[in-house]
Amino acid sequence: MTRDIPHTLGGSRLLDQPALADERDAWKAFLDVPGPVLLEVGFDHGRRLTATARHHPGWRVAGLEIRRRRVDAVRARAAQDGLDNLFAWRVDARTVLSGHVPPGRIDLVEVLFPDPWWKPKHRARRLVDPPFLQDAANAVRVGGVLHLATDVDHVAAWFDEALAAVPMWRPDPTAASERPPIAQQSRREWRCDQDALPVYRRWARRVA
Ligand SMILES: C[S@@+](CC[C@H](N)C(=O)[O-])C[C@H]1O[C@@H](n2cnc3c(N)ncnc32)[C@H](O)[C@@H]1O
């Protein structure tokens, strides 16, 4: 059962509806296959997702994204390239993490440049907040990893505040080495490189 989360696509209990049983079952079947799981939240064009699946066939690579067109494109690419270790789902990540992941099943969660609502007045709309990080911690195994990134300094400060509120995450920059390596950048990483903008990354480790 999911907790109630305001503003999610169709309400956070949407996924509990019988009409969405097929989607839930497909997700469950994907997670039932053994192997480490990397979850990317808000994958946009999904090139990191497909590159990770292609270069690391031993990993199960999942992406959650609310924009249907992006999800359709990634699914088409995965089918074309035979990437059967990739699962892209059009869904609000908060809903999935709040009640649709077996505890500890995920090894690494990545949320890159999540909040276009970066102004302080938009604080209430941000994705990365303590309840989200608590749900992510429940979904990640002890020893697993969280990767956050932003190019806005006060959003990085929000990340730090939110992480400090969830003791199951311990900041650990060394955890970066555990992300399966890829050369592919996300769209925003690429933009930041082009515009010489700083990128603030936070790596944290799930502790007991
Ligand atoms: C600013 S973009 C960053 C995209 C990409 N991660 C990058 O680094 O370029 C934020 C992305 O997160 C997606 N998104 C926002 N809220 C979401 C949510 N609750 N669940 C899943 N995806 C979400 C948006 O549709 C968008 O593609």
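Predicted model only: the values in this text are computed from it and were never measured. (Residues numbered from 1 in each chain as written. Predicted model: local features only at pLDDT ≥ 70, side-chain atom pairs only at ≥ 80, totals over all residues. Heavy atoms only, no water.)

With that out of the way, let us pick up the pairing of strand β2 (residues 60-65). In terms of burial, β2 is a largely internal element, 6 of the 6 residues being buried. In β2, alternate side chains face the same way, and those of Arg60, Ala62 and Leu64 on one face and Val61, Gly63 and Glu65 on the other are all buried. Relative to β2, strand β1 (residues 37-41) runs parallel, the two being bridged by 5 bridges. Within the sheet, the bridge partner assigned to Val37 lies in β2 and is Arg60. Two strands pair when backbone bridges link them, and β2 and strand β3 (residues 86-90) are joined in this way by 5 bridges, in the parallel orientation. Paired with Glu65 across the two strands is Arg90, which belongs to β3. One crossover worth recording links β2 to the parallel β3 by way of helix α3 (residues 68-81), and it is right-handed. (Buried < 20%, exposed > 50% of the residue type's maximum accessible area, 1.4 Å probe, protein only. Helix = DSSP H or I, 4+ residues; strand = E, 2+ residues; numbered from the N terminus. Pairing = 2+ DSSP bridges. Right-handed = clockwise from strand over helix to strand, strands pointing away.)

In this section: the site of the ligand. Neighbouring the ligand are 17 residues; Gly42, Glu65, Leu112, Ser186 and Arg188 lie closest to it. Leu112 is positioned such that a nitrogen or oxygen atom in its backbone is 2.8 Å from a nitrogen atom of the ligand. One of the backbone N or O atoms of Arg188 is found 2.8 Å from an oxygen atom in the ligand. Protein chains shield 86% of the accessible area of the ligand, which is 590 Å² for the free molecule. Elements with a minimum of two residues in the shell around the ligand: β2, α4 (93-97) and α7 (187-194). Considered class by class, the residues forming the shell around the ligand number 8 nonpolar, 2 polar and 7 charged. (Near = heavy atom within 4 Å. Polar contact = N/O pair within 3.5 Å; in protein donor to acceptor, adjacent residues only side chain to side chain. Areas by Shrake-Rupley, 256 points an atom, 1.4 Å probe, with all protein chains shown as cover. Nonpolar A, V, L, I, M, F, W, Y, C, P; charged D, E, K, R; others polar.)

Read across the open sheet, the 7 strands follow the order β3-β2-β1-β4-β5-β7-β6; overall the sheet is mixed. The open sheet is flanked by β3 and β6 (169-171), the only strands paired with a single partner. Averaged over neighbouring strand pairs, the angle between their axes works out to 20 degrees when direction is ignored. Strand direction decides the pairing type here: strand β5 (residues 140-150) and strand β7 (residues 200-206), joined by 6 bridges, are antiparallel. Counterpart to His147 in the pairing with β7 is Trp203. Packed on one face of the sheet, helix α2 (residues 47-55) meets β1, β2, β3, β4 (106-112) and β5 and runs near 170 degrees to β2. Across the sheet, α3 is in contact with β2 and β3; its angle to β3 comes to roughly 160 degrees. (Axes fitted to C-alpha atoms, helices over the stretch in contact; angles between N-to-C directions. Contact = heavy atoms within 4.5 Å.)

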